[in-house]
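# Observations on the three-dimensional arrangement
Chain residues, written in single-letter form:
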There are 2 protein chains.
Amino acid sequence: MRVSVCVFILLLIASGLKAEDGSGLWLRNNFASPVNVVGSHKSTIFNVAKQELLNNWQGKENATINLLVKKDKRIIGDGFLLSSDKIQANTDLGILYGVFELLRQQQTHQTVSEKVYNPSYELRLLNHWDNLNSSVERGYAGKSIFWRTGENGLVVTENDKRIWTEYARANASIGINGAAINNVNASPDILRPDRLERVKAIADILRTYGLKLYISINFSSPKIVGGLSDSDPLNPEVINWWKEKVKEIYTLIPDFGGFLVKANSEGQPGPQDYGRTHVDGANMLADAVKPYGGIIMWRAFVYSSEEDDRAKQAYAEFVPFDGQFRENVIVQVKNGPIDFQPREPFNPLFGAMKKTAIMPELQITQEYFGHSTHLVYLAPMWEEFFHSDTHQEGTGSTVARCTDGSIFKHRTAIAGVANTGTDTNWCGHHFAQANWYAYGRMAWNNQLTSDQIADEWIKLTFNPETNVRVALPEDWSVNFLKPIKQVMLESYEASVNYMMPLGFHHIFQASHHYGPGPWWERDGVRKDWTMPYYHNADTIGVGFNRTITGSNAVAQYHEPLKSIYGNLETCPEEFLLWFHHVPWNHKMKNGNTLWDEICYRYDSGVKQVRQFQVVWDKAQPYVDAGRFDAVQRRLRTHAHDAQIWKDACLLYFQEFSRKPIPFDIERPIHNLDEIKKNDMDRP
Amino acid sequence: MRVSVCVFILLLIASGLKAEDGSGLWLRNNFASPVNVVGSHKSTIFNVAKQELLNNWQGKENATINLLVKKDKRIIGDGFLLSSDKIQANTDLGILYGVFELLRQQQTHQTVSEKVYNPSYELRLLNHWDNLNSSVERGYAGKSIFWRTGENGLVVTENDKRIWTEYARANASIGINGAAINNVNASPDILRPDRLERVKAIADILRTYGLKLYISINFSSPKIVGGLSDSDPLNPEVINWWKEKVKEIYTLIPDFGGFLVKANSEGQPGPQDYGRTHVDGANMLADAVKPYGGIIMWRAFVYSSEEDDRAKQAYAEFVPFDGQFRENVIVQVKNGPIDFQPREPFNPLFGAMKKTAIMPELQITQEYFGHSTHLVYLAPMWEEFFHSDTHQEGTGSTVARCTDGSIFKHRTAIAGVANTGTDTNWCGHHFAQANWYAYGRMAWNNQLTSDQIADEWIKLTFNPETNVRVALPEDWSVNFLKPIKQVMLESYEASVNYMMPLGFHHIFQASHHYGPGPWWERDGVRKDWTMPYYHNADTIGVGFNRTITGSNAVAQYHEPLKSIYGNLETCPEEFLLWFHHVPWNHKMKNGNTLWDEICYRYDSGVKQVRQFQVVWDKAQPYVDAGRFDAVQRRLRTHAHDAQIWKDACLLYFQEFSRKPIPFDIERPIHNLDEIKKNDMDRP
């Protein structure tokens, strides 16, 4: 231990960089030049904006910047017009976003030119799956930043306020304007007065940076909290209870955003418990919040164990309701039809519900991407998602255009399941911060590329020179920025390769979703919660037949996708096993058999992660020792566990394919039965 | 599980080879042609020899073979003269050995030509570190084949007899003629009458194949078993007690071989407890067994915690006694000066004690070679050892010639610490059988090459065609024999590479000696039982300075070795860190720095094992499914654990070298603290 510490200190000295703990996120700037800020408006947000500029200005010394709140047709919502000496916006919040954009451009060494920046979505939310007991479902970065336990767990401390303020500022800096602060698997307790007091305290702080607060509610709250005999949405007592509860909330939080609801899904209560529909439930709540300007985000993540194909159920259940939801209801739809898998085709609900506001739900926390242990930059996945063409209103009806108001004129919104926690660096893995950052940036502008966002993020997060008026060192750009960006951009495809290439999905181990478990099943567990349900491996082949000869899920896609996906010859190979049960000997486009290609894909994923390690190790002179060491450690485990994924999947599927692993591939170094015995979770 | 079994059966059918369990060792032949055996002698051994010929003859049908016991000056000891139609020997046992040689030549498709075969050593022993409680110290193949526990543990069963017979036959087939059947860390109980009854039963069976039985004794037996007041070797009562005990043993076992003694070593009692010397102890026992033709094997494996360098102590303690031991005492010396490390220079005692019978002790069981998990063929190490030139009587005074009677005219003997146990395949790893085989073959002829022995062993053990009159399939030779032999020949150097290259030694974890543990030390544990004692890593460099500026252990070697080893520039690089504390920047012969070379060596070891996996997987069509699967499994763990060795050692020593691991080397995938936490033993 003595030696380790010693080496650590030496590395520190060697790199000449102050050890960092990642707590500053992409907002590490600690240098400012004098600047004259002109303009005033009597609002907290405006003042915050002004102060940010004064604290962080890195442009020309004593330059003058005008902050101007003035309507302009070109500016939409909280957008802004930015030029080198002026920020103009419709709202004070637009000014704040303009300030952050200006500072970002300074810190990333861009030349500021006049341009209007408008948000793609009106509501850009984080969903926190934080439980009131302070745990975070699918959280890998410590405890909840909102909820503490213990005797004084509900007392709002100075530390709470500090964290919430930093949290709000970080979100505002990337355009996020709302947060649902408790788990969608919601405890009814959130609606009890003492919890609402704490909610109010959080809202008071988030508001200073323009974030609205939302809460997830449990549909049985009237019965559980209110003591009513049921929670039937058509029961006048229930309707009234909600009205009163909403009033109570708005009294505390006048700008309260609304409710997020997971109903009749995975055991959660909902209107169907009383023979009512999703529409009945959502509209009743919508009516309750309507007078205050609130909204209801109603999740479409539903599937029952009786149906033949889980992938079809959200579509089947919701499309018939199109046009029946209140205008302040937004149906929240996960990007893919199953559940945040490494790679899914887009959910066919996008573009299909033309008379309903539909908002995408993305998952920032890496439930299915190696938690906070693997380095996986998710922006390329989201980019792929946004650019997916639904063809619902002709060619070019991308998911982005179907959801951001370009095609359908409804409310627009987007949600990301947060990856934040009480860890010093907020996200567990230093590089997981990039996913929070990228989500915010894409929620603001769904046409940003993952490359551009990575470039920004690396510069903001790792630039060794916080005084940006000193030019970025050339060797830093060549030896750090470029290779690290390459790692980030490749990391998503790498993780698909070593986990679930070619359309494999949901072959995780048990419920922690970390390690591989294509074999996983248990007596008494519903079929669609076991893994063979998803891969259907047998001696003939592997994959889920969703064509017309199978579940016919392809029929939920608009032509020509239905035909393209439904035909083995035209189906994109990245979705092959998603839509088809494919013979092991099937010839792939590159000439390999399916079996060999599966082997090569898993192997290439492992090799990619090993290459990431080399890149990171070479980058050591350009990173402070604290973050270098932390990332290096995680990359080791990442490579180690990628190998387990490869070994497990190849050895397991080999039992069906009965074919040798190509001999130019490194052999498995684990035995299948030993992997199976070891419940491979990582904190 | 269902699928696994199914695949297994299919593989079986695919390969067309009957699944084998390895129980037949290298004696798998189950085919015989008629043969006329001429010659008779009224002895069990002669009849056994005859029967072996009848049961296993694979030469010309109805050929005639003469077995002739007749002295011939060219034939020494139990040697024999072999020609295509005759076996002549001085003794019946010589005939048996001749029969096994003839059958081996048939089964390995050699042409039998007239030649005399004489043994290099008169006594060719196995030492079993079997405890009376049925456990085996450093045994990795089940329980003891000699000792059982339980209520009827001492009852000799038919199964006991069957195992002992198979054991004796296997040994005779490779020329082994003696076995010490209990641990050198000896329980005094071995000398109690009930245990001696079982010893007699074992001896009765071993005798049928020409093996003499020896036992290890505890020097305190007179006190513990005999109830005397002490065990002082000069105490007349003690002397008398031993005489009576020896008489009792010889009454039971008239051809009893003698005692093996570990005295005043690692806590075992010995003559020094009473102020006497090794000579006093050994000679007293020698006098007791002398009348019956018995011998005493007195181990020189001694070291105390006070001395400065453990490597020097056996030499320092024993050389002064040269010439003082009785002629029926043989001093048993481990091949290296420390303890069966992956690579040691030869023990300087060899050739230095000119007036004393010295026998080498080799370790067949893989205490320091990955137990029965790693595939390590040890013959290349022993070959290196035998050919080491001590220079004690001029150039060419190899260890072989110093111990086999070529130079010094004393009794000659050799011992190997056995790797046998109750596992179905005797040795745990199928390839560990090769080490038992090779030991026997080299004990018979210390000039055999490891290549030749591997060739024989593979043909005997894996030849798919047991009727040898069918020629060996050409593709089998090309695709199995050749690559598998290459794996075996490379495996020793590979394990040195991934465990202890360049003269590293004794950096194992804790006391199980499986995993890496260069950091291992404990409060209160004597220095020479901790690992930093052996590597002395610091910021300057690494290695044990045994030159004149250090412990001066080099002075125990005869010139020119003393000078060669003592000089950093001339010291063979494989012993560099054994003899020198070498700066990390030291330039190696290939131009690498020491640090880089260490990294490359560890890495190449891992790569070698990975290559072994490929070779084995490719060999699948030529191996029965039972053994294919068992070896494949172990190779996976082997590769996995080789990687842990590499990661642990590189990360640990990097804390001292403070240099990067060369970037063309695959990065560690384990974190050092996690390896340290995990006590990495393998069954």
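Residues numbered from 1 in each chain as written. Chains lettered and ligands numbered in written order. Predicted model: local features only at pLDDT ≥ 70, side-chain atom pairs only at ≥ 80, totals over all residues. Heavy atoms only, no water.

As annotated in an unreviewed UniProt entry, chain A is Alpha-glucuronidase from Gaoshiqia sediminis.

Glancing now at the overall build of chain A. A count of helices and strands for chain A gives 20 helices and 15 strands. With respect to the principal axes defined by its C-alpha atoms, chain A has extents near 75 × 70 × 55 Å. For chain A, the proportion of its 683 residues judged to be buried stands at 63%. Counted over contacts in chain A with a minimum sequence separation of 6, partners at least 24 positions apart contribute 71%. Total accessible area on chain A is roughly 23800 Å²; 51% of this is exposed by carbon and sulfur atoms. Taking the average place of the 71 positive charges on the side chains of chain A and the average place of its 79 negative ones, the gap between the two points comes to 4 Å. (Helix = DSSP H or I, 4+ residues; strand = E, 2+ residues; numbered from the N terminus. Buried < 20%, exposed > 50% of the residue type's maximum accessible area, 1.4 Å probe, protein only. Contact = heavy atoms within 4.5 Å. Areas by Shrake-Rupley, 256 points an atom, 1.4 Å probe, with all protein chains shown as cover. Lys, Arg positive; Asp, Glu negative; His and termini not counted. Charge placed at Lys NZ, Arg CZ, Asp CG, Glu CD.)

Quick look at the interface of chain A and chain B now. On the chain B side, the residues contacting the 28 residues of chain A number 28 residues. When chain A packs against chain B, the two sides together hide about 3000 Å² of surface, and 53% of this comes from carbon and sulfur. Interface area lost by chain A to chain B is led by Arg636, Phe663 and Ile669 of chain A, which between them contribute 21%. With a closest N to O distance of 3.2 Å, glutamate 666 of chain A and arginine 610 of chain B form a salt bridge. For the pair chain A and chain B, the number of links is 16 residue pairs in polar contact (both at pLDDT 80 or more). Mapped onto the side of chain A that touches chain B, the elements with two or more residues apiece are helix 1 (2-15), helix 18 (594-618), helix 19 (625-657) and helix 20 (672-677) of chain A. Per-element accounting of the side of chain A that touches chain B gives the leading share, eight residues, to helix 19 of chain A. Residues belonging to the side of chain A that touches chain B are distributed by class as follows: eleven nonpolar, six polar and eleven charged. (Buried area = accessible area lost by both parts, 1.4 Å probe. Salt bridge = Lys/Arg side-chain N within 4 Å of Asp/Glu carboxyl O. Polar contact = N/O pair within 3.5 Å; in protein donor to acceptor, adjacent residues only side chain to side chain. Nonpolar A, V, L, I, M, F, W, Y, C, P; charged D, E, K, R; others polar.)

A word on the packing of aromatic side chains. Evaluation of the coordinates by the stated rule reveals 90 aromatic pairs over all chains. Taking the centre distance of 6.0 Å and the plane angle of 50 degrees together, the rings of phenylalanine 369 of chain A and tyrosine 492 of chain A count as tilted. Taken together, the positions of phenylalanine 369 of chain A in the loop between strand 12 (357-363) and helix 10 (379-386) and tyrosine 492 of chain A in helix 14 (residues 474-499) put the pair 123 residues apart, joining distant regions of the chain. Overall, the relative accessible area of 3% leaves phenylalanine 369 of chain A in the buried class. By way of ring pairs, the aromatic residues Phe431, Trp457, Phe462, Trp476, Phe480, Trp616 and Phe628 of chain A are connected into one cluster. Stacked on the ring of phenylalanine 301 of chain B, the Lys or Arg lysine 334 of chain B has its end atom at 3.2 Å from the ring centre. Seen from the ring of tryptophan 529 of chain B, arginine 526 of chain B lies directly overhead, with NZ or CZ sitting 4.5 Å from the centre. (Phe/Tyr/Trp six-rings, centres within 6.5 Å; stacked < 30°, edge-to-face > 60°. Lys NZ or Arg CZ within 6 Å of the ring centre and 35° of its normal.)

Quite often, the size of an interface is put as the accessible area lost when its parts meet. All names here are of chain A. The assigned domain composition of chain A is domain 1 (31-117), domain 2 (123-448) and domain 3 (497-544 + 581-677). On a C-alpha basis, the centroid separation for the pair domain 1 and domain 2 is 30 Å. Its largest share of buried area at the contact with domain 2, domain 1 owes to Tyr97, Phe100 and Arg104, together 47% of the area lost on that side. Our count for the contact surface shared by domain 1 and domain 2 stands at two salt bridges. The tally of links between domain 1 and domain 2 comes to four residue pairs in polar contact (both at pLDDT 80 or more). Elements with a contribution of two residues or more to the side of domain 1 that touches domain 2: helix 2 (44-56) and helix 3 (92-107). Considering each element in turn, the side of domain 1 that touches domain 2 owes the most residues, six residues, to helix 3. Broken down by class, the residue content of the side of domain 1 that touches domain 2 amounts to eight nonpolar, three polar and four charged. (Domains from an automatic or database assignment.)

All names here are of chain B. The interhelical angle for the contact between helix 2 (residues 44-56) and helix 3 (residues 92-107), taken along N-to-C directions, is 15 degrees, at an axis separation of 8 Å. Classified by the angle between their axes, helix 2 and helix 3 sit roughly parallel to one another. Here helix 2 runs over helix 3; the crossing is left-handed. Residues Ile45, Phe46, Val48, Ala49, Glu52, Leu53 and Asn56 of helix 2 form the contact with helix 3, whose own contacting residues are Asp92, Leu93, Ile95, Leu96, Val99, Phe100, Leu102, Leu103 and Gln106. For the contact of helix 2 with helix 3, the residue count by class is twelve nonpolar, two polar and two charged. (Axes fitted to C-alpha atoms, helices over the stretch in contact; angles between N-to-C directions. Parallel < 35°, antiparallel > 145°, perpendicular 65-115°, else oblique. Left-handed = near helix turned anticlockwise from the far one by under 90°.)

Turning our eyes to something else, we now look at the nonpolar core. Counting residues in hydrophobic clusters, the biggest one holds 225 residues, and the most contacted among them are Ile215, Phe259 and Trp436 of chain A. Among the elements that line this core, the one with the most residues is helix 19 of chain A, at 14 residues. The contact partners of phenylalanine 259 of chain A, leaving out residues within four places of it in the chain, are Ile215, Ile217, Trp242, Val246, Ile249, Leu285, Val289, Ile295, Ile296 and Met297 of chain A. In terms of nonpolar packing, the next biggest core, distinct from the first, is built from 224 residues, Trp298, Val331, Phe346 and Ile661 of chain B among them. (Core = buried A, V, L, I, M, F, W, Y, C linked by side-chain atoms within 4.5 Å.)

For the rest of this paragraph, the subject is the relation of the copies chain A and chain B. Take chain A, turn it by 180 degrees, move it 0.0 Å along the axis, and it overlays chain B with an RMSD of 0.0 Å. The transformation relating the two chain copies, once decomposed into turn and shift, fits a two-fold axis. Scanning chain A for the C-alpha nearest the rotation axis identifies histidine 640 of chain A, at a separation of 5.1 Å. Comparing interface residues between copies, 100% of those in chain A also lie at the interface in chain B; the contact surface is shared. (Least-squares fit on C-alpha atoms with pLDDT ≥ 70 in both.)

A separate point is the state of the cysteines. Following the criterion strictly, the structure yields zero disulfides over all chains and no others. Cysteine 649 of chain B supplies the cysteine sulfur nearest to cysteine 571 of chain B, a cysteine that is in no disulfide, at a spacing of 20 Å. (Disulfide = S-S within 2.5 Å.)

All names here are of chain A. The end-to-end C-alpha separation of helix 13 (residues 450-462) is 17 Å, in line with the 18 Å expected for 13 residues at 1.5 Å each. In terms of burial, helix 13 is largely enclosed, as eleven of its 13 residues are buried. Turning to helix 13, its buried residues number three or more, namely Ser450, Ile453, Ala454, Asp455, Glu456, Trp457, Ile458, Lys459, Leu460, Thr461 and Phe462. Looking at the packing, one finds that the buried side of helix 13 touches helix 3, helix 10, helix 12 (433-444), helix 14, helix 18 and helix 19. (Expected span 1.5 Å × (residues − 1).)

A few words now on the side chain of histidine 429 of chain A. Residues and elements named next belong to chain A. Here histidine 429 shows up in the loop between strand 13 (413-417) and helix 12. Given a relative accessible area of 1%, histidine 429 falls into the buried group. From its side chain, histidine 429 meets the backbone nitrogen of phenylalanine 431 in a polar contact 3.0 Å long. Those residues in contact with histidine 429 that sit more than four places away from it in its chain are Ser372, Thr373, His374, Leu375, Val631 and Arg634.

A separate point is the pattern of salt bridges. Within the structure shown, the criterion is met by 88 salt bridges over all chains. Between arginine 195 of chain B and aspartate 194 of chain B there is a salt bridge; the shortest N-O distance is 3.1 Å. By relative accessible area, which is 19% here, arginine 195 of chain B ends up buried. When its relative accessible area of 37% is taken as the criterion, aspartate 194 of chain B is described as partly exposed. The partner of arginine 441 of chain B in a salt bridge is glutamate 456 of chain B, and the shortest N-O contact between them spans 2.8 Å. Linking arginine 441 of chain B in helix 12 (residues 433-444) with glutamate 456 of chain B in helix 13 (residues 450-462), this pair joins segments that are 15 residues apart in sequence. Like arginine 441 of chain B, the residue glutamate 456 of chain B is buried in the burial classification. A single salt-bridge network, built from bridges that share partners, covers Glu20, Arg28, Asp624 and Arg627 of chain A.

The next thing to look at is the sheet that holds strand 13 (residues 413-417) of chain B. The strands making up a sheet are joined through hydrogen bonds of the backbone, oriented either antiparallel or parallel. Residues and elements named next belong to chain B. Read around the closed barrel, the eight strands follow the order 6-7-8-9-10-11-12-13; overall the barrel is parallel. If you compare each strand with its neighbour and ignore which way they point, the axes differ by 25 degrees on average. In the sheet, strand 6 (residues 123-127) pairs with strand 13 via five bridges, with the strands oriented parallel. Looking at strand 13, one finds that leucine 123 is bridged to alanine 413. (Pairing = 2+ DSSP bridges.)

Residue and element names in this part refer to chain B. Where burial is concerned, the two faces of strand 3 (residues 80-83) agree: the one with Phe80 and Leu82 and the one with Leu81 and Ser83 are both buried. Of the pairings in the sheet, the one linking strand 3 to strand 4 (residues 86-89) comprises four bridges and is antiparallel in character. Across the sheet, residue phenylalanine 80 finds its bridge partner in strand 4, namely alanine 89.

Quick look at unusual backbone geometry now. Following glutamate 559 of chain A, the chain continues into proline 560 of chain A via a peptide bond in cis, with omega recorded as 5 degrees. One non-glycine residue, histidine 371 of chain B, adopts positive backbone phi at about 50 degrees. Of note, the phi angle at arginine 658 of chain B is positive, near 55 degrees, even though the residue is not glycine. Here arginine 658 of chain B shows up in the loop between helix 19 (625-657) and helix 20 (672-677).

Turning to the sheet that holds strand 5 (residues 115-117) of chain A, a few remarks are in order. Residues and elements named next belong to chain A. Pairing is mixed in the open sheet, where five strands are placed in the order 1-2-4-3-5. Each edge of the sheet is formed by a strand with only one pairing partner; in this case those strands are strand 1 (35-38) and strand 5. Put simply, the sheet's adjacent strands are angled 20 degrees from each other on average, direction ignored.

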